[in-house]
Amino acid sequence: MTITSPHTPDSDTVPLEPELVAGFPFPFVDDHYRYSTNVEPAHQPVATAAGQWGDRVIDVDSEYRHEITERAAILADDDTRHAVLPHMRPAIWDAMVTIMTELATAYPDRFTLQRDGDEWRWENSPLGIEQAFVYGDDSTLPTDPLDYICGQIQEDVVLLDQRDGQLFADAGVVTFAADWSFGFDVGMSFLEIHGPVPRVRRDGVITRAHEFIKRLQPHRPYRRTNWTLTIGRRLDVSTERYPEWGPDRETIQQVDDETFGRLVHLRVEVQHLIRLPDSGAVMFLIRTYMLPLETLATIDPWRLRAAEVFDELPDDMADYKGVIKYRGRAAQWLRDAGPAHPAGSAARDERPGEGLPLWPAVPEAVDESGASFLVVAIGGEPMVGQVSRGWVTAAESIGPTRLVVLDSLSSPADKIALAEALASTTTGVRIHVVGGQYDVMTTLSTARDHGAVAAELSAFVVHTRDLPLYCAHCRDTFRVDGMPGAVVECPGCARRVEIHTHHSATRGGFLASASDTEVEE
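Anyway, here's the lowdown on the structure attached to this text. The residue numbers shown here count from 1 along each chain, following its written sequence. For this predicted model, a pLDDT threshold of at least 70 governs which residues receive local features, and a threshold of 80 or more governs which side-chain atom pairs are given and counted, while totals over whole chains, interfaces and linings are taken from all residues. Note that water and hydrogens are dropped before the side-chain values are worked out from all heavy atoms of the structure.

Time to look at unusual backbone geometry. In this structure, D179 takes a positive phi of about 60° despite not being glycine. What counts as a helix is a DSSP run of H or I of at least four residues, what counts as a strand is a run of E of at least two, and both are numbered from the N terminus. Mapped onto the elements of the fold, D179 is located in the loop between β9 (166-173) and α5 (182-185). Non-glycine residue A494 carries a positive phi angle of around 65°. Mapped onto the elements, A494 comes out in the loop between β19 (487-489) and β20 (496-504). Residue A494 is classed as partly exposed on the basis of its relative accessible area of 48%. Throughout this description, buried means an accessible area under 20% of the type-specific maximum (1.4 Å probe, protein chains only), exposed means over 50%, and partly exposed covers the range between.

Shown next, in the form of C-alpha cells:
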C-alpha cells in the first residue's frame, strides 16, 4: 500500500519547526462548526493554546524557500494555475505593489520597497532579488506583475473584479488549491464559484459574504479562516491532481494508528480580503497551514476541541470537505491520544470541576453584560500581554475597566495587590484572569474567597507547566512544576508525593499525598 507524500519521500517524518506549531492558526472557537462569514479585521494577533498568529497579512515562515520552490514547479508544469484577463492589467500592478508594501512593512530587515519619482526599487534579501521597475510598464519586469510577486510569497492570490453588482474571479495565481480548480473558475462570479458548497445558499452565508466584500474599503483588510483534513503534507490538492492524492482517502483507512496520526493533517487556510487602492479590485489572499494530528494532539485543548468538531460535523459538510470516510477515526484517534497516566492512576475526567480543570482553547470574549471589569495579567509570557490587552480593549468600550499586572502569586507583594484589587470590586464586575496554571488557579480561588461567583469569572491559561499542590500531610499549598500523575517532592514536608487527578476549585489546588515509594521506605 502506498500513500503519496508531499515534497520529499520522507517529508512526513521530518519534525515541524517549533515556530510552525506556535504560529498555527487553530480554527475552532467552539465544539461544533458551521459555515459562516466569520470575518474580522486583519493585523490583530490571535492568542492560542500554543502561541499566536495573525499579526501580519503576509506571513513568511521557515517553509518560505520550500514553498516558493514548489510553487515554481507547479506553475512550470501547469500554466492554467496563472491567469489574468485583459481588463485586469491595472489590478495586477496594484496587487504587486500592495503585497510588496505589506512585506516591507512587516519584515523591514528582509524586504525593502523604495520609490524615486517614476522608478521603484524592490529588494528581497531571502531570495537575493533586486529589481527596479516603473509602475505600469510590463517591460521593466521579467514577467507579469502578479506572476512576479506570487513567486515570492507563500500565499495564493485571486483578484476579484467588481462590476454590475457582482464580483468576478478574473485574475490570480493559485498553486495550493484545496480540491478546487482555479483554471476552471477563472471568469466566474463569486456566487457561481461557491455554488457547490452545501448550506451556504440556504443559510444565506454566501450572500452575506458577497455583500460584505463589495463594501470593503481600501486600507481596511479583513480575514477569515477555513479548514479541512488532508493526507500527507501536500500543499497542492487541486482538482487537476486528484488522481495523485484522491486514492489516499481510501488507503488512509487501512494504515496503523501511528501512521494515521503522522499522515492526517488539519489543513487551515487564513484568507485575507483587501480592497486595492488604485484599481478598486479585491485581492483575496489564501495562505495554507498544515499540522499533523500527532502534533496537534500534544496541545490538549486543540486535541479535545478538534475531536468534538470532527465527530459533530454534519455528513453533507464532511462529504464536501472530502473527510467523511475517515473523520470518525480522526476524532477517535485524537481522544485516544490523550496524556498517558501511570498505572493505577485515575483516568482523566475533562469535565470542569471534576478530575482535572478544562481550560478554554481560546480566550473567552468579554461579557457585554458586565457593569465593570477587572483584568488580571500574571507572568512574563508574551501571550499574557496579548490576551490581557485584547480583554482591556474590549472591556473599555463597555464599562469601567482596571488592569492589574503581576509577576507571580508566589510573591507576597503580588498577593496583597491582588487582594486589594478584588476588595475594590462591586456587584456586576467581570473578572478576567490570564497566566500560567498555578497563578490562574490561585487567583480564581482568591476571587471566590472575596465573593466572586462563577458567572463573574473567566480565565485563560497560557501554560500548564506548574500547578498549585495541596499536600495532605503538611496541609499547605505550594507551587510545583509537574502534572497530575507525577511524583514530586513536597516543598513543605519534603515527602515524595503523587499529584492526584483531583483538584478543588474552591481551594485552588490539586490534592497530593505520599507516593507508594515514600510509604514503602
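The subject of this paragraph is the environment of R430. Among the structural elements, R430 can be located in strand β15 (residues 429-436). Residues R430 and A452, spaced 22 residues apart in sequence, show a C-alpha to C-alpha distance of 9.0 Å. Any pair of residues with heavy atoms lying within 4.5 Å of one another is described as a contacting pair. If we ignore the near neighbours within four places in the chain, the residues touching R430 are D367, S369, G370, S372, F373, L374, A455 and E456.

Once that is clear, we can look at the packing of aromatic side chains. A ring pair, where both rings are aromatic, is described by two values, the distance of the centres and the angle of the planes. Any pair of Phe, Tyr and Trp rings, taking the six-membered ring for Trp, is counted once the centres come within 6.5 Å. Such a pair is stacked with planes under 30 degrees apart, edge-to-face with planes over 60 apart, and tilted for the rest. The full count for this structure, using the stated rule, is 19 aromatic pairs. Look at Y33 and W227: their rings are 5.5 Å apart centre to centre, the planes differ by 80°, and that puts the pair in the edge-to-face class. Remark: W227 occurs in strand β10 (residues 222-231) and Y33 occurs in the loop between α1 (18-22) and β1 (40-41); sequence separation between them is 194 residues. For Y33, a relative accessible area of 11% corresponds to the buried category. Judged by its relative accessible area of 3%, W227 is buried. An angle of 90° between the planes, with centres 6.5 Å apart, marks the rings of W180 and F182 as edge-to-face. Overall, the relative accessible area of 2% leaves F182 in the buried class.

Right, let's talk about the sheet that holds strand β6 (residues 119-124) for a bit. Strand pairing requires that DSSP identify at least two bridges connecting the strands. The strand order across the open sheet built from three strands is β5-β6-β7, with neighbouring strands paired in antiparallel fashion. At either end of the open sheet lies a strand with only one pairing partner, and these are β5 (111-116) and β7 (129-134). Averaged over all pairs of adjacent strands, the angle between strand axes in this sheet comes to 15°, irrespective of strand direction. In the sheet, β6 pairs with β7 via six bridges, with the strands oriented antiparallel. In this description, a line fitted to the C-alpha atoms serves as the axis of each element, helices being fitted only across the stretch in contact, and the angle between N-to-C directions of two axes falls anywhere from 0 to 180 degrees.

What follows deals with the nonpolar core. Formed by 40 residues in total, the largest nonpolar core has its most connected members in F28, W227, L229, F260, L266, F310 and L334. Mapped onto this core, the elements with two or more residues apiece are β10, α10 (257-263), β11 (264-275), β12 (282-292), α11 (293-296), α12 (300-312), α13 (315-321) and α14 (327-336). Counting residues per element, this core draws most heavily on α12, at five residues. Apart from residues lying up to four places away in sequence, W227 is in contact with P27, F28, Y33, L266, R267, V268, V309, F310, L313 and K321. Residues enter a nonpolar core if they are buried and are Ala, Val, Leu, Ile, Met, Phe, Trp, Tyr or Cys, with the set joined through side-chain atoms within 4.5 Å.

Turning our attention to α12. Helices are assigned an expected span. That span is 1.5 Å times one less than the residue count. Here α12 spans 19 Å end to end across 13 residues, near enough to the 18 Å set by a 1.5 Å rise per residue. Restricting attention to buried positions, one finds in α12 the residues D300, W302, R303, R305, A306, A307, V309 and F310. Packed against the buried residues of α12 are α1, β10, β11, β12, α11 and α14.

We now examine the environment of L293. Here L293 lies in helix α11. Note on L293: relative accessible area 0%, which makes it buried. As a C-alpha pair, L293 and L229 span 64 residues in sequence and 9.8 Å in three-dimensional space. When neighbours within four sequence positions are excluded, L293 is seen to be in contact with F260, G261, V264, A330, W333 and L334.

The buried fraction of β12 is high, at 11 of 11 residues. Side chains V282, F284, I286, T288, M290 and P292 of β12 all project onto a buried face; the interleaved residues M283, L285, R287, Y289 and L291 project onto the opposite face, where all are buried too. Note: strand β8 (residues 156-163) against β12, five bridges, orientation antiparallel. The partner of L160 across the bridge, within β12, is V282. As judged from the 11 bridges shared by β11 and β12, these two strands associate in the antiparallel manner.

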